[in-house]
Amino acid sequence: MRATFVATVLSALFAVGSASAAPAALARRDLSGFTVCSASTDPLTLTGLTYTDVVPGSNVTVTLTGDLTTEVTAGATAHVVATWLGFITVIDETVDICSSGATCPVEPGTGVSISFSFGIPAEAPSGVTVDVVAQGYNADGSELVCVENTAFTVA
């Protein structure tokens, strides 16, 4: 399940997953609630972040938009961690960006839109708030982007 989540999240950075039969409508949200958690010198400057409803047993699709100032190379990864009550890990996934839907290298200098999907465990309790940190790293280990949300609610 975790490998699927990571591949989906990292397709979180480039593929789109499907939602299960749970909710009738998927709400879109903007960047509010998420903040950049690292220095403003990250090569991916975010201009937007949206996601579908987070429902246990279904997929959530996240889309990041921004401006890239460095090349993303083969071996780039995304790491997503979600914790509940500050210490119960709900999600801890790392995905290879380039083998999850991205065509690498991704050239700098233009705006990019990166989408990824991942499964929310069916066991995740509804109505709880989780802390989420998502980080992208290039193949050389340098950080591409880091965002966090300390009030992400599972529907």
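For the structure, check the block above.
Residues numbered from 1 in each chain as written. Predicted model: local features only at pLDDT ≥ 70, side-chain atom pairs only at ≥ 80, totals over all residues. Heavy atoms only, no water.

Undergrad: Which parts of the structure should I look at to understand the overall build of the chain?
TA: Broken down by element type, the chain carries one helix and eight strands. When each of the 155 residues of the chain is scored for burial, the buried share is 43%. Carbon and sulfur atoms provide 57% of the accessible area of the chain, an area that totals close to 7,200 Å². (Helix = DSSP H or I, 4+ residues; strand = E, 2+ residues; numbered from the N terminus. Buried < 20%, exposed > 50% of the residue type's maximum accessible area, 1.4 Å probe, protein only. Areas by Shrake-Rupley, 256 points an atom, 1.4 Å probe, with all protein chains shown as cover.)

Undergrad: Is there a simple way to explain a nonpolar patch on the surface in this structure?
TA: Nonpolar side chains collect at one region of the surface, where Leu85, Phe87 and Ile88 lie side by side and expose about 330 Å² of accessible area between them. Along the chain, the position of Ile88 falls in strand S5 (residues 88-96). With a relative accessible area of 32%, Ile88 lands in the partly exposed category. (Patch = residues over 30% accessible without salt bridge, like charges linked within 9 Å, V, L, I, M, F, W, Y side chains within 5 Å. Salt bridge = Lys/Arg side-chain N within 4 Å of Asp/Glu carboxyl O.)

Undergrad: What is the right way to read the sheet that holds strand S4 (residues 77-84) from this model?
TA: Adjacent strands of a sheet form backbone hydrogen bonds with each other and so pair up, either parallel or antiparallel. A sheet is described by the order of its strands in space; here five strands give the open sequence S1-S8-S7-S4-S5, paired in antiparallel fashion. Since the sheet does not close on itself, it has two edges, and those belong to strand S1 (35-36) and S5, each with one partner. Of the strand pairs in this sheet, S4 and strand S7 (residues 129-137) are connected by eight bridges, and their pairing is antiparallel. Bridge pairing in S7 places Ala82 opposite Val132. (Pairing = 2+ DSSP bridges.)

Undergrad: Whenever I open this one, the environment of Phe87 confuses me. Can you help?
TA: With respect to the helices, strands and loops of the structure, Phe87 is situated in the loop between S4 and S5. Phe87 sits 44 residues away from Asp131 along the chain, and the two C-alpha atoms are 9.7 Å apart.

Undergrad: What's the story with the sheet that holds strand S2 (residues 44-51) in this structure? I'm lost.
TA: With antiparallel pairing, three strands are arranged side by side in an open sheet as S2-S3-S6. Every interior strand has two partners, whereas the edge strands, S2 and strand S6 (111-119), have only one. Recorded for the sheet is a direction-independent mean angle of 20 degrees between the axes of neighbouring strands. (Axes fitted to C-alpha atoms, helices over the stretch in contact; angles between N-to-C directions.)

Undergrad: For this particular structure, what's the right way to read the side chain of Asp42?
TA: You can see Asp42 is positioned in the loop between S1 and S2. Looking at Asp42, the relative accessible area reads 10%, which means it is buried. Setting aside its immediate chain neighbours within four residues, Asp42 contacts Glu143, Leu144, Val145 and Cys146. (Contact = heavy atoms within 4.5 Å.)

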